[in-house]
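For reference, the chains in residue letters:
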Amino acid sequence: MSEAPTKIVVDCSTGETQIIPLTAEEITEREAMAVAYAAEKAAEAEAKAAADALKASARAKLIAGTPLTEAEAAVLVI
Amino acid sequence: MPILGTLASQFAGKPFTSFESIASATGTGSSGTITFSSIPQTYSSLQIRCVSQLSATKGYTIVKPNNDSSTSNYTFHSTYGDGLTVTSDGYVTGSLGGSYSIYSTGATSELSDNVAATILDIHDYASTNKYKTFCSFTGYSNNQSTNNLIFLISTLWLSTSAISSLTIEAQGGNFTTKTTISLYGIK
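In this text, all values refer to a predicted model and were calculated from it rather than measured experimentally.

Rules used in this analysis
Residues numbered from 1 in each chain as written. Chains lettered and ligands numbered in written order. Predicted model: local features only at pLDDT ≥ 70, side-chain atom pairs only at ≥ 80, totals over all residues. Heavy atoms only, no water. Phe/Tyr/Trp six-rings, centres within 6.5 Å; stacked < 30°, edge-to-face > 60°. Helix = DSSP H or I, 4+ residues; strand = E, 2+ residues; numbered from the N terminus. Buried < 20%, exposed > 50% of the residue type's maximum accessible area, 1.4 Å probe, protein only. Core = buried A, V, L, I, M, F, W, Y, C linked by side-chain atoms within 4.5 Å. Contact = heavy atoms within 4.5 Å. Expected span 1.5 Å × (residues − 1). Polar contact = N/O pair within 3.5 Å; in protein donor to acceptor, adjacent residues only side chain to side chain. Buried area = accessible area lost by both parts, 1.4 Å probe. Salt bridge = Lys/Arg side-chain N within 4 Å of Asp/Glu carboxyl O. Nonpolar A, V, L, I, M, F, W, Y, C, P; charged D, E, K, R; others polar. Pairing = 2+ DSSP bridges.

Asker: I'm lost on the packing of aromatic side chains in this one. Help?
Answerer: Ring pairs (aromatic) are described by centroid distance and by the angle formed between their planes. Residues and elements named next belong to chain B. Here the structure, examined in full by the defined rule, presents 10 aromatic pairs over all chains. Measuring from centroid to centroid gives 4.9 Å for Phe19 and Tyr184, while their planes differ by 20°, and the two rings are stacked. Of this pair, Phe19 sits in strand S1 (residues 19–26) while Tyr184 sits in strand S12 (residues 180–186), and the two are 165 residues apart along the sequence. The class for Phe19 is partly exposed, based on a relative accessible area of 40%. Judged by centre distance (5.6 Å) and plane angle (50°), the rings of Phe76 and Tyr91 are tilted. Of this pair, Phe76 sits in strand S5 (residues 74–81) while Tyr91 sits in strand S6 (residues 86–91); the two residues are 15 residues apart in sequence, bridging distant segments of the chain. For the pair Phe76 and Tyr91, one class covers both residues: buried. Through a chain of ring-to-ring contacts, three or more aromatic side chains come together here, namely Tyr60, Phe76, Tyr80, Tyr91, Tyr100, Tyr103, Tyr140 and Phe151.

Asker: What is the right way to look at the nonpolar core in this model?
Answerer: For soluble globular proteins, the rule of thumb is that nonpolar side chains tend to be buried together. In this structure, Phe36, Leu166 and Leu183 of chain B are the most contacted members of the largest nonpolar core, which totals 29 residues. Elements represented by at least two residues in this core include exactly strand S1 (6–11) of chain A together with S1, strand S2 (31–37), strand S3 (45–54), strand S8 (116–123), strand S11 (166–170) and S12 of chain B. In terms of residue count, the dominant contributor to this core is S3 of chain B (4 residues). The contacts of Leu166 of chain B, once residues within four sequence positions are left out, are Ile34, Thr35, Phe36, Ile39, Leu46, Ile48, Val63, Lys64, Pro65, Ile122, Phe134 and Leu183 of chain B. Of all hydrophobic cores here, the second largest spans 15 residues; its members include Ile62, Tyr100, Tyr140 and Leu149 of chain B.

Asker: Even after reading the chapter, I still don't get helix H1 (residues 24–64) of chain A, so can you show me in this structure?
Answerer: Taking 1.5 Å as the rise per residue, H1 of chain A with 41 residues should run 60 Å; its terminal C-alpha atoms sit 60 Å apart, in good agreement. Along H1 of chain A, the residues that are buried comprise Arg30, Met33, Tyr37, Glu40 and Ala58 of chain A. Those residues of H1 of chain A that are buried are in contact with helix H2 (70–76) of chain A together with S2, strand S4 (59–65), S6, strand S7 (99–106) and S11 of chain B. Where H1 of chain A ends, the next residue or the one after it, Gly65 of chain A, has phi of about 75°, a positive value.

Asker: Quick question: what am I supposed to make of unusual backbone geometry here?
Answerer: Across residues other than glycine, the phi torsion is negative in most instances, and most of the peptide bonds are trans. All names here are of chain B. Of note in this structure, Ser38 is not a glycine but carries a positive phi near 50°. Considering the arrangement of structural elements, one finds Ser38 in the loop between S2 and S3. Here Asn67, not a glycine, exhibits a phi torsion of approximately 55°, which is positive. The partly exposed category is assigned to Asn67, whose relative accessible area is 40%.

Asker: Is there a simple way to explain the environment of Ser159 of chain B in this structure?
Answerer: All names here are of chain B. With respect to the helices and strands, the residue Ser159 is situated in the loop between strand S10 (149–157) and S11. Look at Ser159 and you get buried, because its relative accessible area is 11%. Note: C-alpha distance between Ser159 and Asn73 (86 residues apart in sequence) is 6.8 Å. Discounting residues that sit within four places of it in the chain, Ser159 has contacts with Lys130, Tyr131 and Lys132. Reaching out from Ser159, the side chain makes a polar contact with the backbone nitrogen of Ser161 at a distance of 3.1 Å.

Asker: Explain the interface of chain A and chain B to me, please; I cannot follow it from the model alone.
Answerer: A common way to state how big an interface is: give the accessible area lost once the parts meet. The interface is formed by 19 residues belonging to chain A together with 35 residues belonging to chain B. By the criterion of area lost to chain B, the three top residues of chain A are Ile8, Cys12 and Arg30 of chain A, representing 31% of everything that side buries. Summed over the shared surface of chain A and chain B, the number is 1 salt bridge. Remark: the boundary between chain A and chain B carries 11 residue pairs in polar contact (both at pLDDT 80 or more). Going through the elements one at a time, S1 and H1 of chain A are the ones with two or more residues in the side of chain A that touches chain B. When grouped by side-chain class, the residues that make up the side of chain A that touches chain B number 9 nonpolar, 2 polar and 8 charged. Across 6 bridges, S1 of chain A lies against S2 of chain B in parallel orientation. Each bridged residue has a counterpart across the sheet, and for Lys7 of chain A the counterpart in S2 of chain B is Thr33 of chain B.

Rendered as structure tokens:
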């Protein structure tokens, strides 16, 4: 059985530090945020891979002297 | 202007207590959330200075003022470099449930003893008539030519509420014992 997740709470008015188990609601929220974050990162990685592939294709076509698509031209010329 | 032409002389007559430690917390390895509660409302700005590492993989660590997770209250933009390329990024409201102001290394990522360093400024946090801007400088070097990260991040919290607490939350895993997060007040 895994350890129950906790949070550290520092009361700035007293300097007291407490370690408190997360509530079920807090655990659910953390899990939902982790899922959302993973989805964001996956979307970012996918977009970066697509952009990198487009750049590589555009460079290869420039070197070969073949026509570029509009999307390929767009990644090379701002 | 320095009276005597030296840096030290320009502080003459000013108190040396303009920058004060409010509180500090160290990771335990079993908590992914650190909250500073009951923040005094007597400073003009807050600053978080931290070194952070997650028990899982590296990633953003979010900061939530007043424990606000509403995605309609945050916008974000950043510029970051990894040693090879520089990229700009941005999100409008509806995407993020906190301020993505801190980046943390991961114990399971490249260098297991490495920590990321962050300086985060929160200006006019006690104001009740304006939105709050979070500005941070965060990142780490990984002793590799390309797999490093350095960020300049600005987040807008679309709330006029005064900030009385800050919750710092790992996106995955917990804060390792190599993590220290300190909160300062600037008068």
